Amino acid sequence: IEPISGVATVAAGVAAVFFSSFRAIKCQFKECCTKRWINLNVTELSSSLRDQVYGQHLVIKAVVRHIKAHLSNKDPSKALALSFHGGTGTGKNYVSKIIADHLYKEGMKSGFVHMIASTKEFPHADMVPLYKDKLRELIETSVNNCEKSMFIFDEIDKMPPGLIDTIKPYLDYYDNLSGINYRKAIFIFLSNTAGTEILQQTLRFWHEEKERDTIELKDMEKLVTTSAVNTKTSGFYHSDVLLRHMITAYIPFLPLERKHVRQCIKDYLLAKKYYTNYGDIKEEKVREIAEQLQYSPEEEQLFSTTGCKRVPEKTGYVMEED
Ligand SMILES: Nc1ncnc2c1ncn2[C@@H]1O[C@H](COP(=O)(O)OP(=O)(O)OP(=O)(O)O)[C@@H](O)[C@H]1O
């Protein structure tokens, strides 16, 4: 070894050690794509979902299984793509947040978690080419920074047609695209598509006097996929994403019954400190608040038409009266 190149090699080595220790120290305090910041405790995720999400036995089971399978696989064959379907206020956003909170130390605030609200971010159909570039850049930059990135697309059914197809390559079985591996990423699509079909099927079980908990994924899956493809107004309509089976699982959110709404009301009353103990909550108040909501179908009056979504405003209305 010549003296000068020897000195350069040693200097490069010292610099590398310096930068890697600097990075390690920095990552103690600031979010990095490391286990310290991204780490799932499946048992905790499962128990949080069980404790906090009402009336969604299919969701809890499917979500835990898919997330667990995806994360425990060191080399997944494709990105995880979950499609959440159901009526308004049944918990699609809520469950997505619970997943993010358990996987990322920073939860929804993590730099690797992206909530993309279709109607807010892509309002004009004539600007699709620009939106496509924006979306591509967001996904590529995030996954380039961290393979375990998560993208939640709210109201995907309202996305301008064509834009969904931009996401397609990232959901595919490619080893890498331009040197980036997208197969560890998680995509969650939220929509109201198939909400009516899910409600009808749940109602059918009720009429047949079958327990709600006995509804199985297979009782719903066909309804959901058929409706998602056939709803002409939906961004999913005839989209490549669906037809090429890029979605790992379709997850149906059942309509919420009065008893579930009452649980949401109790949670809210405690969260807003109207009561300090669960046992002190007055049932008649809970019932009064629940009665402020509307229920369907017309005849049976079984399911809250807005799920638990309007609980805060109705609770405020009833409780501030006193
Ligand atoms: N199944 C549920 N269990 C417990 N709380 C729920 C449930 N569903 C909804 N909630 C409560 O209602 C709020 C609104 O629900 P959420 O935003 O998840 O509805 P959504 O299904 O995403 O509706 P939309 O289709 O209108 O976007 C949640 O923040 C949560 O507090």
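Since the model is a prediction, treat every value here as computed from it, not as a measurement.

Engineer: Any details on the site of the ligand? Residues and values, ideally.
Structural biologist: Lining the immediate environment of the ligand, one finds 17 residues, of which Tyr54, Thr88, Lys92, Asn93 and Lys309 sit closest. The backbone of Gly89 places a nitrogen or oxygen atom 2.9 Å from an oxygen atom of the ligand. Asn93 has a polar side-chain atom sitting 2.8 Å from an oxygen atom of the ligand. Burial of the ligand by the protein chains amounts to 81% of its free accessible area of 630 Å². When residues of the shell around the ligand are assigned to their parent elements, the largest contribution, three residues, is made by helix H4 (residues 92-103). Along the lines of polarity and charge, the residues of the shell around the ligand split into six nonpolar, nine polar and two charged. Counting contributing residues, the shell around the ligand receives three or more from each of domain 1 (42-253) and domain 2 (258-319).

Engineer: Requested: an account of the packing of helix H11 (residues 258-271) against helix H13 (residues 311-319), with residues and values cited.
Structural biologist: Where H11 meets H13, the closest approach of the two axes is 10 Å, and the angle between their N-to-C directions is 65°. Here H11 is positioned roughly perpendicular relative to H13, judged by the angle of their axes. Crossing hand, H11 versus H13: right-handed. Between H11 and H13, the residues in contact are Val261, Cys264, Ile265, Tyr268 and Leu269 and Val311, Pro312, Thr315 and Met319, respectively.

Engineer: Can you tell me about the domain arrangement of the chain, naming the residues and giving the values?
Structural biologist: Each assigned domain of the chain is listed with its residue range as follows: domain 1 (42-253) and domain 2 (258-319). Just the C-alpha atoms count here: the centres of domain 1 and domain 2 sit 28 Å apart. Taken together, the contacts link 10 residues of domain 1 with 14 residues of domain 2. For the pair domain 1 and domain 2, the summed buried surface comes to about 1,100 Å²; carbon and sulfur atoms form 68% of the total. At the surface where domain 1 touches domain 2, the tally comes to zero salt bridges. At the boundary of domain 1 and domain 2, one finds four residue pairs in polar contact (both at pLDDT 80 or more). Within the side of domain 1 that touches domain 2, the residues separate by chemical class into four nonpolar, five polar and one charged.

Engineer: Residue-level account of the side chain of Glu300, with values.
Structural biologist: Along the chain, Glu300 falls in the loop between strand E6 (295-296) and strand E7 (303-304). Buried charge Glu300 goes without a salt bridge, the closest partner of opposite sign being Arg258 at 10 Å. At a separation of 2.8 Å, a polar atom in the side chain of Glu300 contacts the side chain of His207. Excluding its chain neighbours within four sequence positions, the residues that come into contact with Glu300 are Leu203, Trp206 and His207.

Engineer: I'd like to hear about the pairing of strand E2 (residues 113-117), residue by residue, with values.
Structural biologist: For E2, the tally of buried residues reaches four of five residues, placing the bulk of the element in the interior. Here five bridges tie E2 to strand E3 (residues 150-154), and the two strands are oriented parallel to one another. The residue of E3 that forms the bridge with Ala117 is Asp154.

Engineer: Break down the environment of His260 for me, citing the residues and quoting the values.
Structural biologist: Along the polypeptide, His260 turns up in helix H11. Once the C-alpha coordinates of His260 and Ser72 are considered, the two residues, 188 residues apart in sequence, prove to be 33 Å apart.

What counts and how
Residues numbered from 1 in each chain as written. Predicted model: local features only at pLDDT ≥ 70, side-chain atom pairs only at ≥ 80, totals over all residues. Heavy atoms only, no water. Near = heavy atom within 4 Å. Polar contact = N/O pair within 3.5 Å; in protein donor to acceptor, adjacent residues only side chain to side chain. Areas by Shrake-Rupley, 256 points an atom, 1.4 Å probe, with all protein chains shown as cover. Helix = DSSP H or I, 4+ residues; strand = E, 2+ residues; numbered from the N terminus. Nonpolar A, V, L, I, M, F, W, Y, C, P; charged D, E, K, R; others polar. Domains from an automatic or database assignment. Axes fitted to C-alpha atoms, helices over the stretch in contact; angles between N-to-C directions. Parallel < 35°, antiparallel > 145°, perpendicular 65-115°, else oblique. Left-handed = near helix turned anticlockwise from the far one by under 90°. Contact = heavy atoms within 4.5 Å. Buried area = accessible area lost by both parts, 1.4 Å probe. Salt bridge = Lys/Arg side-chain N within 4 Å of Asp/Glu carboxyl O. Buried < 20%, exposed > 50% of the residue type's maximum accessible area, 1.4 Å probe, protein only. Lys, Arg positive; Asp, Glu negative; His and termini not counted. Pairing = 2+ DSSP bridges.

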